[in-house]
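The lines below spell out each chain.
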Amino acid sequence: MYYICISNYAKKVGIPNRQIGTKKDTREHTLVFSCKTIFCFSKNNCIINREVIIMPEIAEVETVRNTLKRQILNKKIKSVNVRYNKMIESDINTFEKGLIGDEFIDIKRRGKWLIFELHNHYLLSHLRMEGKFFLKNSAEEIIKHEHVIITFIDNTDLRYHDTRKFGRMNLIKKEDLENTECIKKQGLEPGDKNLTSKYLLTKFKNKKLPIKTVLLDQTIISGLGNIYVNEVLFYAKINPLKEAGKITDKEANLIAEGANTIIKEAIKMGGTTIKSYTSSLGVTGRFQNKLKVHKKEGQPCPICNTPIENVKINGRSTYFCPQCQK
Ligand SMILES: [Zn+2]
């Protein structure tokens, strides 16, 4: 995958200036993607496809983890079929050999990374924008976008489906887990007892960026994505544009408390059902019913009735109450 600067290009074809890059894909289309919308162009710049996508967040990944744990543990792996090599970060042969004959004994999670534990290795998987896992009977026909197929001895398959091919997998030796780049740089999880105002204030110190942007940095609180950061800032009554370096001890306390409370509840409710995620394993999240500001533009604030506003901060849709969050 390679990125080129597309701001002028986007202007030329009349796209709002929130795109972050483009990717040449194998079908000779140019995908222009923002955090939220993917435009797919043909060679002559016609938009041939446009999809609004919201990435799976921590609670959604947790739901996938819990669902898979009930279905795939302790079943010996018979074969592995990788149909799109670029999805696998490790050497393909090592990947296949490492999985065959072993079995998944647990599934953990760090941030938005799923960590499938085998006897000898860990399989790391990131769903990115549209990755989904399906459990199917091996006899079922392999469909388009099923890129990695792991077959168990009971003739069931764990199939990884990803229309955008952004998801990544990596098979690593067990002792290498903590030194693997993507895992090493994860911050504290919501619920971790070390996630305190003191911890947050050291991370926010001297930062001039808006608190909204800083909280999306996975090296601070791991797994907190756009939806939940919007909700956490509403909980803490902090204006999302406030400079991170100016957050007070009291506010930092509320951020930690909000992240713990909101993520715990979101996980309990199975996450927030989002377009590209809904069909994954037939699991439907219910947390969207609990959202207070996210996607509520123009609707009354549940506390003060002021209409919720929506602004772009660093390209991300930010919903907040201008009255409560000062
Ligand atoms: Zn309000």
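Look above for the structure.
Residues numbered from 1 in each chain as written. Predicted model: local features only at pLDDT ≥ 70, side-chain atom pairs only at ≥ 80, totals over all residues.

1. Some thoughts on the sheet that holds strand β11 (residues 156-161)
With antiparallel pairing, the four strands of this open sheet are ordered in space as β5-β10-β11-β9. In the strand order of this sheet, the two ends are held by β5 (77-82) and β9 (132-137), each with one partner. Strand-to-strand, the axes of this sheet are offset by a mean angle of 20 degrees, without reference to chain direction. The sheet contact formed by β5 and strand β10 (residues 146-152) spans five bridges and is antiparallel. In the sheet register, Val82 faces β10, and the bridge partner there is Val148. Strands in contact with helix α3 (residues 92-99) are β5 and β10; relative to β5, the strand with the most contacts, it is inclined by about 160 degrees. (Pairing = 2+ DSSP bridges. Helix = DSSP H or I, 4+ residues; strand = E, 2+ residues; numbered from the N terminus. Axes fitted to C-alpha atoms, helices over the stretch in contact; angles between N-to-C directions. Contact = placed C-beta atoms within 7 Å.)

2. Examining the nonpolar core
Counting residues in each nonpolar core, the largest one holds 61 residues, and the members touching the most others are Leu215, Tyr228, Val232, Leu233, Ala259 and Ile263. Counting residues per element, this core draws most heavily on helix α8 (residues 249-268), which supplies eight residues. Viewed by domain, this core spans two of them, domain 2 (58-182) and domain 3 (197-320), each represented by three or more residues. Here Leu215 is in contact with Ile220, Ile221, Leu224, Val229 and Val232, once residues within four sequence places are set aside. (Core = buried A, V, L, I, M, F, W, Y, C linked by C-beta atoms within 7 Å. Buried ≥ 20, exposed ≤ 12 C-beta atoms within 10 Å, placed from the backbone. Domains from an automatic or database assignment.)

3. Thoughts on the sheet that holds strand β7 (residues 113-117)
Taken in spatial order, the four strands line up as β6-β7-β8-β12 in an open sheet, and their pairing is antiparallel. The strands lining the two open edges of the sheet, one partner per strand, are β6 (106-110) and β12 (168-173). Taken pair by pair, the neighbouring strands of this sheet meet at an average axis angle of 25 degrees, ignoring direction. Sheet topology places strand β8 (residues 121-126) next to β12; six bridges connect them, and they run antiparallel. Across the sheet, residue Tyr122 finds its bridge partner in β12, namely Ile172. In the packing of helix α2 (residues 58-72) onto the sheet, the strands contacted are β6 and β7, and the crossing angle to β6 comes to about 175 degrees.

4. Quick notes on the pairing of strand β13 (residues 309-313)
Here five bridges tie β13 to strand β14 (residues 316-320), and the two strands are oriented antiparallel to one another. Bridging from a neighbouring strand, Ile313 pairs with Arg316 of β14. Linkage of β13 to β14, two consecutive antiparallel strands, is achieved through a turn of two residues, within which Asn314 is found at a positive phi near 50 degrees.

5. Quick notes on the environment of Pro307
One can find Pro307 in the loop between α8 and β13. Put simply, Pro307 and Pro322 are 15 residues apart on the chain and 8.2 Å apart in space, counted from C-alpha to C-alpha. Among all residues touching Pro307, those that are not within four sequence positions of it are Gly298, Gln299 and Pro300.

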